[in-house]
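An overview of the molecular structure
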Amino acid sequence: MHVRNTRSAILRMICAAVCFATMGALVKASTSHLPFLVAVLFRNVIGALPLVVYFLARGVGFRRRRKGLLFFRSTAGFTAMFLFFLALEYLPLATATVLNASSPVFVVLLSGLILRERRIGRVLPLVLAALGGVAWLVYGGGTGDGGGEHSVGIGMLGLLSALFAAMAYLAVRRLSSTEPSARIVLHFALWSSAYSMLALGVAVAAGWAEVEPSRIVAVLSGPREAAFLVGVGLAGLGGQMF
């Protein structure tokens, strides 16, 4: 039974990784026609709708016990996603993905600082080596697009996405003792949808030409671009549910 559960967990992790990798590739493809804010909106709204239907169909309550921590997890998770999608628009897909995937390094550091876990000393040399690799990627020309200081700045934002993702992971660890995983994902999706609409609304109100509603509608009239963005939402949801 233990072996079966372990295999099931490993399979779910692989499926989640495939879903998130697919999401990243679709975001990169979509940002060649539309700004990343549109991909952020589709990722969250399309991901939230099936969850709301699921909760209503199962009669599961929306009531939560730890409102503050759920809000923090949702906000940190959205910030990580926002910065990751921004990095995807300007950096090569592989570079942005590697920067975002450095979140376990920050999980280890924050576990020692916040959770006071004592085993951090055993893996500290590995953490320092990983940070050295990340520093080379950001400052040593590893961004790969020849953008100079601009690339470094975007690279730092990509690295910040990993830090915020680590904060969200630690919050999920605390929440998992009192909240079911589906409820944690649902609140993240709802808050992120609200944040996404707010961010896009602010960009439109500020007169950003790339998010002109008529331009967005024109681009989405093409089935290929619309499919990319719908795929972003479904792949992101799949990654979370696995």
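The following refers to the structure shown. (Residues numbered from 1 in each chain as written. Predicted model: local features only at pLDDT ≥ 70, side-chain atom pairs only at ≥ 80, totals over all residues. Heavy atoms only, no water.)

1. Concerning the environment of S111
Turning to its location among the elements, S111 is positioned in helix α5 (residues 103-113). For S111, a relative accessible area of 6% translates into the label buried. Expressed as a C-alpha distance, the spacing of S111 and F188, which sit 77 residues apart in the sequence, is 22 Å. (Helix = DSSP H or I, 4+ residues; strand = E, 2+ residues; numbered from the N terminus. Buried < 20%, exposed > 50% of the residue type's maximum accessible area, 1.4 Å probe, protein only.)

2. Re the nonpolar core
Inside soluble globular proteins, nonpolar side chains tend to come together where they are buried. With 44 residues, the main nonpolar core has M23, V27 and F85 as its most contacted residues. Residue contributions to this core peak at 8 residues, all from helix α2 (residues 36-58). The residues touching M23, leaving out its near neighbours within four places in the chain, are R43, F84, F85, V232, A235 and G236. Among the nonpolar cores identified, the runner-up in size contains 8 residues, and F55, A182, V185 and L237 belong to it. (Core = buried A, V, L, I, M, F, W, Y, C linked by side-chain atoms within 4.5 Å. Contact = heavy atoms within 4.5 Å.)

3. Description of the environment of R12
Its location among the elements puts R12 in helix α1 (residues 2-30). Judged by relative accessible area, which is 40%, R12 ranks as partly exposed. In the structure, R12 is positioned 229 residues away from M241 in sequence and 9.1 Å away in space, judged by C-alpha atoms. Those residues in contact with R12, other than ones at most four positions away along the chain, are M241 and F242.

4. Concerning helix α6 (residues 120-139)
For α6, which comprises 20 residues, the first-to-last C-alpha distance of 26 Å matches the rise-based estimate of 28 Å (1.5 Å per residue) to within 8%. If you look at α6, its biggest bend is around 30°, right at L126. Along α6, the positions that sit buried rather than exposed are V127, V134, L137 and V138. (Expected span 1.5 Å × (residues − 1). Bend = angle between axes of the 7 residues up to and from the residue.)

5. Re the packing of aromatic side chains
The geometry of an aromatic ring pair is captured by the separation of the ring centres together with the interplanar angle, meaning the angle of the planes. Under the defined criterion, the tally for this structure stands at 7 aromatic pairs. Relative to F55, the ring of Y54 lies with its centre 5.9 Å away and its plane at 70°, an arrangement referred to as edge-to-face. Ring geometry for F71 against W191: centres 4.9 Å apart, planes inclined by 75°, an arrangement best described as edge-to-face. In this pair, F71 sits in helix α3 (residues 67-90) while W191 sits in helix α8 (residues 181-205), placing the two residues 120 residues apart along the sequence. For W191, a relative accessible area of 35% puts it in the partly exposed group. Counting every residue linked through ring pairs, the aromatic cluster contains F36, F71, F78, F82, W191 and Y195. (Phe/Tyr/Trp six-rings, centres within 6.5 Å; stacked < 30°, edge-to-face > 60°.)

6. Focus on a nonpolar patch on the surface
Together, I10, I14 and V18 line one region of the surface with nonpolar side chains, adding up to about 260 Å² of accessible area. Turning to its location among the elements, I10 is positioned in helix α1. (Patch = residues over 30% accessible without salt bridge, like charges linked within 9 Å, V, L, I, M, F, W, Y side chains within 5 Å. Areas by Shrake-Rupley, 256 points an atom, 1.4 Å probe, with all protein chains shown as cover. Salt bridge = Lys/Arg side-chain N within 4 Å of Asp/Glu carboxyl O.)

7. Thoughts on the pattern of salt bridges
The full count for this structure, using the stated rule, is 2 salt bridges. In this structure, R183 and E179 form a salt bridge, with 3.2 Å as the shortest nitrogen-oxygen distance. Take E179: its relative accessible area is 3%, and that puts it in the buried class. Across the pair E225 and R224 runs a salt bridge whose closest N-O atoms are separated by 3.8 Å.

8. Topic: the side chain of S193
Mapped onto the elements, S193 comes out in helix α8. Within the structure, S193 has its side chain in polar contact with the backbone oxygen of A189 (distance 2.7 Å). (Polar contact = N/O pair within 3.5 Å; in protein donor to acceptor, adjacent residues only side chain to side chain.)

9. Focus: the packing of α5 against α6
The description of two helices packed together rests on the angle between their axes and the distance between the axes. Taken N-terminus to C-terminus, the directions of α5 and α6 make an angle of 140°; their axes are 10 Å apart at the nearest point. Taken as axis vectors, α5 and α6 run oblique relative to one another. Crossing geometry of α5 relative to α6 is assigned as left-handed. Where α5 abuts α6, its residues V105, V108, L109 and G112 lie against I120, V123, L124, V127, A130 and L131. (Axes fitted to C-alpha atoms, helices over the stretch in contact; angles between N-to-C directions. Parallel < 35°, antiparallel > 145°, perpendicular 65-115°, else oblique. Left-handed = near helix turned anticlockwise from the far one by under 90°.)

Keep in mind these numbers describe shape, not what the thing actually does.
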